[in-house]
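# Fold and contact review
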Amino acid sequence: MSKGKSKETCLTHGECISQAQRMLRERFCHQKIPGKPFGVESQHKHLLELLKRTAVRGESNSVLIVGPRGAGKTMVCCCVLNELLEVKHVQENVLQAQLNGLLQTDDRIALKEITRQLHLENVVGDKVFGSFAENLAFLLEALKKSDRSSSRPVLFILDEFDLFAHHKNQTLLYNLFDVSQSAQTPVAVIGLTCRLDVLELLEKRVKSRFSHRQIHLLSSFRFKQYLEIFKMQLSLPEDFTDRRFAEEWNQNIKSLCEDRSVEDILQKHFCSSKDFRSLHMLLMLALSRVTVSHPAIKPTDLLEASRLCTMDSKANILHGLSVLELCLIIAMKHLSDIYDGEPFNFQMVHNEFQKFIQRKSHSVHNFEKPVVIKAFEHLHQLQLIKPMEGPSVRTQKDYQLVKLLLDNSQIMDALQKYPQCPTDVKQWAASAFG
Amino acid sequence: MSRYFTRLKKRPVYTWTGRPSFIDRKLKHVFYEGLCIKTDGNANTGCIRPGDYILIEGDEDRSYVAKLLKLYDDGTGTRSSKHAEVQWFVRFHEVPQNKRKRLGRDPHPNEVFLYEIPNCDSDIDAETIITTVQVQHLEEDSPFPAAQSQENSLYVKLSWDGKSFSPVNLDLLLQSGGKPVLPASSHTDSLPKPDLEVSRGLAVDSPSRPTRSARKQHSSTSKYSQSKELSDRQPSNVIFTPAARKKLQLSNSVKPTGSKLTRDDVLAELLNEDSAVSLLEAEVTRRRALASKPSSSLSKKPRDLCICLSPIRGSQITQEHQLANGIQIGPQLQPEELVKRTLKRESGAESTEGETPSKRKDSIKKDAPLDILIEDGREAGGPVVAMTPRSRRKSAQVSSARIRQQLNYLNGNQSTDFDVDDDEEDIFLPTKKDLKSSSEEEEEEEEEESESVTGRRGSRSAVPRTPRSSRKASSRTPAKTPNKTPRRTPSKTSVPRTPRTPRHATPSIPSRTQPARKPGNVLEEARARLHVSSVPESLPCREQEFQDIFNFVESKVMDGTGGCMYISGVPGTGKTATVHEVIRCLHHAAEQDELPSFCFIEINGMKMTEPHQAYVQILQMLTGQKATAEHAAALLEKRFSTPAPKRETTVLLVDELDLLWTRKQNVMYNLFDWPTRRQAKLVVLAIANTMDLPERIMINRVASRLGLTRMSFQPYSYKQLQQIISSRLNRVRAFEDDALQLVSRKVAALSGDARRCLDICRRATEICEFSRQRSGSGLVAMSHVMEALDEMFSSPYITAIRCASVQEQIFLKAVIAEFRRLGLEEATFQQVFRQHLALCRVEGLSPVCMSEGLATCLRLGACRLLLLESSHRDLHLRVRLNVSQDDVLYALKEG
């Protein structure tokens, strides 16, 4: 107890807060793998058993983990691996090769990476020697030489598995699956992908060699569990250095969960996406509002964070435009309406704008054409309009066909919120035809 | 080309000696007592009589050993009318690699084995005889004689019958009487053939019988091989500076036409030189110095190197005398004098050699890197050491013990020996020079001396050498030329190039500390047996196919002919497994002496990076050589087009044939063309998935060579699948019968893929094991199988839609609503989003903003519920459903 007291005394309030923030941020940024995954116990068990059999019995396996983004595929995989490597005799035996389809964009790179991670004998330092063909032959020879009971099992973890299926001839996948189906070195091929149709990508020979085990991670939890996760993610652990602070913090989180407005925010969030990443984003924003003077997360913080999360990025851009640019946008809106989404060019927009100026010359300042062109180009740079042809097609700027990337509703919303918007402009926007 | 003709000019003339001893009137064969080999421009002739042991020109730069039994003329009067009947001997390296272990000891380098495999073609063209050789019979347990006594003798202790080594039957050896050993004439001495070294052997011989192989076969292929042989020894055009190439050409081309040195004389003289011993010691010290400081000799003058390398040609008439002189006076010669001599020859050689470069172009051949070494030596001076390493001279026994210590180093250097040899059996002039200017004077002088000594040794003494493998050469190269980029000759240099790299990387996965656990209970046992990898005792349900393939391969192996067979079938129907089973059985039969032995190699189109790698892999499996694709193709072409009576049949399995397709289809063409050659003895079994592959992707000449021996594997029926599972389980009772039937019926209906069937069964045992922890039953029941089937075959889409968030579900609904409105199966995001907003209002949800809507849409696109264009099109992104509308509605209604 005295130890705890001494710690309490040496930690100021500010230190406590910064420590709590650091801990929670690590959690939200996926730098720390939680001890147990939530809501996917059966999948977790399935994978664990499978890998255990490879590690302990030398049984070759192949499996795909399929689920939408942010469903926790990598988390489950990492949890299982951590758990597996805790067993001492497994840790001594298992070799791992982790690949990512976004990094190993072709088989040549992938093979080098595998060879490097397995520390085969043609690796010196971090360099892999030999040509592509030699590397392949070398790896296959290495895998072929040893047999089920004597050699160390190898776990191949292929993140973004679907991208590997786009490699030429699917050589790597064929060979990995072929090894997993023949009496060679025991391997477990674990593919992680978000594509539900991943099997259709596999060539028939590759497909035949794949064991067709798929573990689906489809975030199937309900709102109640979502709330639970929310609470779990924000709570500080028992072994936090300042116990009193942790207790207070957790108490606050508990009351937060019971708050009506918080529940509404979360409900809305839950409706839009069950992705863990988006929840983490929301919590991160809320957490960053905590300071010494504002030591706990309040419902208003969450509200603000939620507002930031669900903000329409393009409407935000509109708020920063000049009145001239806004007028051009409105002109374009009318053109789109008139021509039913057909593309238009600057000259048409300018004509439309001129018509408006002539009608309301007393209230809106008339601009020179070069100024208008400049404003038009600025809109282009903001990617509020998009040229129809690629940059290679050389037409005069005035006559280049463009399309508006804004919906009418967005424009009207933005006009409502635009500070000191001229009434004439507002009326013009609301009128059916220019 | 000029070189080719020069060689033609010097080819020996074969004439019968003596009267016809016997005339077979029926066959019009006239038997003779002797054959005289006379070489142009040389007074020396050699006479060969029945009973002599002879060397015969072989394929792939090897020469064969045989005993001459009969000589006869078939009376046709053509050039190849001279025939000889022989009793073959094999060298150790001719024994198939996988059977070499059966000798049970290291072979003596000069050891040959009596070849006792029946129905081997023992009739040869007499004009392929190179020369005579001494073969001594030794008792099995008697030791090999000390090496220096009989340098170029071969020893025979055992006979080889294709399966095992056994003591030689003396009667057989002496059956035709005659002198067992030809008196050692100067003629025989000049051919230092007898060493184990394969290709080097021929290289040594080739100068004295330049174009016999070309004459032997009048086909174009022989010309091809001849020219290849030439280019083999040519330095690569790309690499050499012209001057250096000239020198090499010189040493390569002006062959001493049977250089008739009296070896013994020269050796005696050499031994008399009191410097001999000290020279060797000097060499040792030099090597040490070199090993520690490779750059120490860099300062050596190129000119000197030229001198020490430039050979005295043996083609002069007064050659013998001159050589003796050369050696005697060598050490005292002044460098200038030597240069003069060399230059004289060079100029002479150039006139005959000038036109060759075009030929030389294609020589990215196995010797090229070695030549580079020489080249480097000449230019840079440093790696010149590579030339010297020959320390096993039998005549210099004084320091042989010390030399043996160096063997490891030397073994690595052998390939360069080869080059020295290849540069003929010419004599490297001992050059002693006064390099007063150099600070490292002494050391270099020693080097020079030792070089010359070793050079002499190499040229004269038929030293036993361990077989050179190109891999060794390549792995050695880095030490010599560390600055070479690893890319240049990728497959040659194999993995290591720089000194840092491990020399002989062996592909292996480290072994585990504890052995893998054995299956504990019935279900685990069943699972292990059901794994696709476990090899079943027999292959049920493929008896007919097995028999067909077996008969095909067996007949080809029996007859020693070649042929192709095309096997097709969908994945998982046991094509490869059946072929392997056939090969297993045939190997078994071969071991039981029911069949001539054969060699089986396997390539897989999927296991190579590009089709041309097929050559590399075949070559490596056949001979252990490593080569570039181009070179490998040439070597294989040569191998399969030259006759080799002793070669065993090769059975080649080409899996995933369709991936060997190239635009010109030359890989496929070659694969199917080789079996049609009479000498190739190649059986090709090609496997692919589609039945009509030959018609669909092959051009006519390829399809025609593949022939019509086809076989297709039908998908398994449910009964067969059931039988397969039960035969694998083999009395391990883990499944209920109904469960088995369900699996096999289901798979048979879907694909007939046996792998799938086994995987489902395996999964079912797992499910059973999980559930058994709760309930009690031990057998895999219907319910478990159903669950496994569901897991594997049910589409995840519906579950995915049910698990999607509310907004995602609404978006899907909006997509369908928009499709209905448009009457199309495609809409832009903007259109769908309007529907989405409307639906949100209907559902009573707060409308989402555009950004969120787009995010939702992209999430659905990522898991392929929707098919989307790339997202930079923003509002105008086109959206399509990847699921049927009914599925979406069904999923959403239930939810």
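Residues numbered from 1 in each chain as written. Chains lettered and ligands numbered in written order. Predicted model: local features only at pLDDT ≥ 70, side-chain atom pairs only at ≥ 80, totals over all residues. Heavy atoms only, no water.

### Remarks on the interface of chain A and chain B
As a reminder, the rule being used: The criterion used for residue contact is that any of the two residues' heavy atoms lie within 4.5 Å. Summed over both partners, the accessible surface that disappears when two parts come together, traced with a 1.4 Å probe, is what is meant by buried area. Note on definitions: salt bridges are taken to be side-chain nitrogens of Lys or Arg within 4 Å of carboxyl oxygens of Asp or Glu. Under this definition, polar contacts are N or O atom pairs within 3.5 Å; protein pairs additionally need one hydrogen-donor-capable and one acceptor-capable atom, and for neighbouring residues in sequence, both atoms have to be side-chain atoms. In this description a helix means any DSSP run of H or I spanning at least four residues, a strand means any run of E spanning at least two, and both kinds are numbered starting from the N terminus. Classification convention: Asp, Glu, Lys, Arg as charged; Ala, Val, Leu, Ile, Met, Phe, Trp, Tyr, Cys, Pro as nonpolar; all other residues, Gly among them, as polar.
Between chain A and chain B, the contact holds 95 residues from the first and 83 residues from the second. The three residues of chain A that bury the most area against chain B are R57, L196 and R205 of chain A, which together make up 9% of that side's buried surface. For R209 of chain A, the salt bridge is made with E656 of chain B, and the minimal N-O distance between the two is 3.8 Å. On inspection of chain A and its partner chain B, the count reaches 32 residue pairs in polar contact (both at pLDDT 80 or more). The element contributing the most residues to the side of chain A that touches chain B is helix 7 (residues 132-145) of chain A, with 10 residues. Residues that form the side of chain A that touches chain B fall into these classes: 31 nonpolar, 32 polar and 32 charged.

### Brief notes about empty space enclosed by the protein
For clarity, the cut-off: Buriedness for pockets is judged along seven lines, at least five of which must meet protein on both sides within 12 Å for an open set on the 1 Å grid over protein atoms alone, while cavities are sets there where a 1.4 Å probe fits but cannot get out, and lining residues have an atom within 4 Å of a point. Grid points are joined across faces, edges and corners, and a volume is the space filled by probe spheres set on the points.
Tallying each qualifying case throughout the model produces 12 cavities of 30 Å³ or more. Size it by volume and the largest cavity reaches roughly 220 Å³. Along its surface, the largest cavity is lined by 19 residues, and P68 and S219 of chain A together with A804, E808 and C863 of chain B are the ones closest to its centre. Taken together, the residues of the lining of the largest cavity sort by class into 10 nonpolar, four polar and five charged.

### So, the side chain of Q835 of chain B
Among the structural elements, Q835 of chain B can be located in helix 34 (residues 829-843). When sequence neighbours within four positions are dropped, the list of residues in contact with Q835 of chain B reads A814, A817, E818 and R821 of chain B.

### Points about the confidence of the model for chain B
Short version of the rule: Confidence of the predictor at the level of single residues is given by pLDDT, which spans 0 to 100.
Residues of chain B with pLDDT of at least 70 account for 57%, and the chain-wide mean is 68. Here the predicted complex scores 0.68 on pTM and 0.92 on ipTM.

### Some details on the sheet that holds strand 16 (residues 563-569) of chain B
Residue and element names in this part refer to chain B. Spelled out, the test is: Only strands that DSSP links by at least two bridges are regarded as paired with each other. Note on geometry: axes are C-alpha line fits, over the in-contact stretch for helices, and angles between N-to-C directions span 0 to 180 degrees.
Spatial ordering of the open sheet is given by 17-18-19-16-20, a layout of five strands whose pairing is parallel. Every other strand in the sheet has two partners, leaving strand 17 (598-604) and strand 20 (710-713) as the edge strands with one partner each. In this sheet, adjacent strand axes meet at a mean angle of 15° when their direction is disregarded. Summarising the sheet, strand 16 and strand 20 pair through four bridges and their orientation is parallel. Its bridge partner lying in strand 20, I567 is registered against M711.

### Notes on unusual backbone geometry
Put simply, the test is: The buried label applies to any residue whose accessible area, calculated with a 1.4 Å probe on protein chains only, is under 20% of its type's maximum; exposed applies above 50%, and partly exposed to all values in between.
A positive phi angle, near 65°, is found at H212 of chain A, a position not held by glycine. Counting through the fold element by element, H212 of chain A comes out in the loop between helix 11 (204-209) and strand 7 (214-216). The phi angle at K681 of chain B is positive, at roughly 50°, despite the residue not being glycine. Taking relative accessible area as the criterion, K681 of chain B reaches 18% and is therefore assigned buried.

### Examining the pairing of strand 18 (residues 649-655) of chain B
All names here are of chain B. Counted only if it meets this: Handedness is read with the strands pointing away from the viewer; a crossover is right-handed when the path from the first strand over the helix to the second is clockwise.
The element strand 18 is extensively covered by neighbouring structure, given that seven of its seven residues are classed as buried. Pairing analysis gives seven bridges linking strand 17 to strand 18, with the strands arranged parallel. Bridging across to strand 18, F600 finds its partner in V651. In this sheet, strand 19 (residues 682-688) lies alongside strand 18 in parallel orientation, the contact comprising five bridges. Along strand 19, the bridge assignment pairs V654 with A686. Assessed by its sense of winding, the connection that carries the chain from strand 18 through helix 25 (residues 666-673) to strand 19 is right-handed.

### Details of the sheet that holds strand 22 (residues 866-868) of chain B
Residue and element names in this part refer to chain B. On the basis of which strands lie adjacent, the open sheet formed by three strands has the order 21-23-22 and antiparallel pairing. The sheet terminates laterally at strand 21 (827-828) and strand 22, the two strands that pair on one side only. Examined bridge by bridge, strand 22 and strand 23 (residues 878-881) share three bridges and lie antiparallel to one another. Among the inter-strand pairings, L867 is bridged to a residue of strand 23, identified as R880. Strand contacts of helix 35 (residues 850-862): strand 22 and strand 23, with the helix running at about 105° to strand 22, the strand carrying the most contacts.

### Regarding the packing of aromatic side chains
How two aromatic rings sit relative to each other is given by the distance of their centres and the angle of their planes. Note the cut-off: Paired rings are identified among Phe, Tyr and Trp, the last through its six-membered ring, by centres lying within 6.5 Å, and are further divided according to the angle between planes into stacked (under 30 degrees), edge-to-face (over 60) and tilted (the rest). In this analysis the charged atom, NZ for Lys or CZ for Arg, is taken to sit over a ring once it is within 6 Å of the ring centre and within 35 degrees of the ring normal.
One pass over the structure, following the stated rule, counts 18 aromatic pairs over all chains. A ring pair is formed by F221 of chain A and F270 of chain A, whose centres lie 6.4 Å apart and whose planes are at 40°; its orientation type is tilted. Highlighted residues: F221 of chain A in the loop between strand 7 and helix 12 (223-234) and F270 of chain A in helix 14 (residues 260-272), separated in sequence by 49 residues. Like F221 of chain A, the residue F270 of chain A is buried in the burial classification. For the pair F640 of chain B and W674 of chain B, a centre-to-centre distance of 5.0 Å together with 40° between the ring planes defines the contact as tilted. Linking F640 of chain B in helix 24 (residues 629-641) with W674 of chain B in the loop between helix 25 and strand 19, this pair joins segments that are 34 residues apart in sequence. Just as F640 of chain B is buried, W674 of chain B falls in that class too. Of the aromatic side chains, those joined through ring pairs into one cluster are F221, F223, Y226, F270 and F276 of chain A. Over the ring of Y669 of chain B we find R701 of chain B; its NZ or CZ atom is 5.0 Å from the centre of that ring. Above the face of the Y718 of chain B ring, R745 of chain B is positioned so that its terminal group lies 3.8 Å from the ring centre.

### Some thoughts on the side chain of N135 of chain A
Residues and elements named next belong to chain A. Following the sequence through the fold, N135 ends up in helix 7. Residue class for N135 comes out buried when judged on its relative accessible area of 1%. Discounting residues that sit within four places of it in the chain, N135 has contacts with K112, N122, V128, F129 and G130.

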